[in-house]
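Summary of structural features
Spelled out, the chains give:
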Amino acid sequence: MGTPSAPHGPVAVSAELDSQLSRWLWLVKWILVIPHWIVLFFLWIAFLVVTMIAFFAILFTERFPRGLFDFNLGVLRWSWRVSYYSYGALGTDRYPPFSLGPEPDYPARLDIAYPERLSRSMVLVKWWLLAIPHYLVIAFFTSGMHAGWWSGGLITLLALIAAFALAFTERYPRDLFVLIVGLNRWVLRVAAYASLMTDAYPPFRLDQGGTEPAGTERAADGS
């Protein structure tokens with residue numbers, strides 16, 4: 001069975017709020033991101049296939065093949081950028097790149113430390129049994145699981161409230177920003193765990209704000 005993670009885990013999620021956001025662009029972002037949604041539909045099919053292959057690789061070798069790991073990390077990065085631009089945060093007006101890479105200049109970033117070894121026994125249960133409590137929590141956040149957190153739920157509701165505030169006050173409420181990023185951070189941690197990319201059990205903790213708690217980014221770099 002999994003053990004609770006240390007205060008700082010292997011998944012590092014960060015975001016920067018644009019200093020100047022359009023008051024009305026958010027009304028049409030659902031149209032602007034359609035090309036991304038089409039691409040991500042196929043990428044997530046590939047993601048699931050890769051995760052199944054990795055399951056057997058971990059079961060027999062205790063390793064998540066690095067090329068497959070990097071692909072899945074790229075899909076999560078791409079999804080986070082699109083979510084941050086659209087209705088998972090509405091935190092930037094910079095159009096997300098069509099890229100699986102890290103894109104360090106984009107205001108929404110994700111990194112996951114590559115594990116040199118993964119538990120054979122945990123791979124059998126963590127993605128369905130051990131993660132069930134988190135699935136119940138993030139279903140409330142997202143009205144769904146994994147990549148669909150831009151599709152509804154508490155996160156989208158809060159992002160739309162922030163958008164209305166922006167439209168009428170020209171300001172994105174800072175308190176809403178740190179909460180929205182914290183909720184997305186929770187979802188991404190669970191996605192990484194359920195996708196077999198780490199054995200570190202996600203904490204039941206809402207780490208708010210655009211940056212990880214001190215020490216997390218070092219862990220994600222593997223240093």
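Cut-offs used in this document
- Residues numbered from 1 in each chain as written.
- Predicted model: local features only at pLDDT ≥ 70, side-chain atom pairs only at ≥ 80, totals over all residues.
- Heavy atoms only, no water.
- Helix = DSSP H or I, 4+ residues; strand = E, 2+ residues; numbered from the N terminus.
- Buried < 20%, exposed > 50% of the residue type's maximum accessible area, 1.4 Å probe, protein only.
- Contact = heavy atoms within 4.5 Å.
- Pairing = 2+ DSSP bridges.
- Core = buried A, V, L, I, M, F, W, Y, C linked by side-chain atoms within 4.5 Å.
- Polar contact = N/O pair within 3.5 Å; in protein donor to acceptor, adjacent residues only side chain to side chain.
- Salt bridge = Lys/Arg side-chain N within 4 Å of Asp/Glu carboxyl O.

So, about the overall build of the protein chain. Looking only at helices and strands, the protein chain has nine helices and two strands in total. Burial status across the protein chain gives 50% buried among its 223 residues. Across the protein chain, every contact between residues at least 6 apart in sequence was considered, and the portion connecting residues at least 24 apart equals 75%.

This next bit is on the pairing of strand E1 (residues 11–15). Most of E1 is tucked away: five of the five residues are buried. Where burial is concerned, the two faces of E1 agree: the one with Val 11, Val 13 and Ala 15 and the one with Ala 12 and Ser 14 are both buried. With five bridges connecting them, E1 and strand E2 (residues 108–112) associate as antiparallel partners. Note on E2: the bridge partner recorded for Ala 15 is Ala 108.

The biggest cluster of nonpolar side chains holds 63 residues, and the ones touching the most others in it are Phe 64, Leu 76, Trp 80, Tyr 84, Leu 110, Ile 112 and Ile 180. At the level of elements, E1, helix H2 (34–61), helix H3 (66–85), E2, helix H4 (120–123), helix H6 (132–142), helix H7 (153–169) and helix H8 (174–194) are the ones that each hand at least two residues to this core. Ranked by residue count, the leading element in this core is H8, at 13 residues. Ignoring any residue separated from it by four or fewer positions in sequence, one finds Ile 180 in contact with Gly 88, Ala 89, Ile 155, Leu 158, Ala 159 and Tyr 172.

Our focus in this paragraph is unusual backbone geometry. Despite not being glycine, Glu 170 shows a phi value in the positive range, around 65°. Counting through the fold element by element, Glu 170 comes out in the loop between H7 and H8. A positive phi angle, near 70°, is found at Leu 196, a position not held by glycine. Among the secondary structure elements, Leu 196 is positioned in the loop between H8 and helix H9 (216–220).

Further remarks concern the environment of Asp 111. As for its placement among the helices and strands, Asp 111 is situated in strand E2. With 37 residues separating them along the chain, Asp 111 and Gly 74 place their C-alpha atoms 9.3 Å apart. A distance of 3.2 Å separates polar atoms of two side chains, one belonging to Asp 111 and the other to Arg 77.

Enumeration according to the criterion identifies 12 salt bridges in this entry. For Lys 29, the salt bridge is made with Asp 93, and the minimal N-O distance between the two is 3.0 Å. Of this pair, Lys 29 sits in helix H1 (residues 29–32) while Asp 93 sits in the loop between H3 and E2, and the two are 64 residues apart along the sequence. Where Asp 199 meets Lys 126, a salt bridge forms, and the shortest distance between an N and an O atom there is 2.5 Å. One end of the pair, Asp 199, is in the loop between H8 and H9; the other, Lys 126, is in helix H5 (residues 126–130), and 73 residues separate them in sequence. By relative accessible area, which is 1% here, Lys 126 ends up buried.

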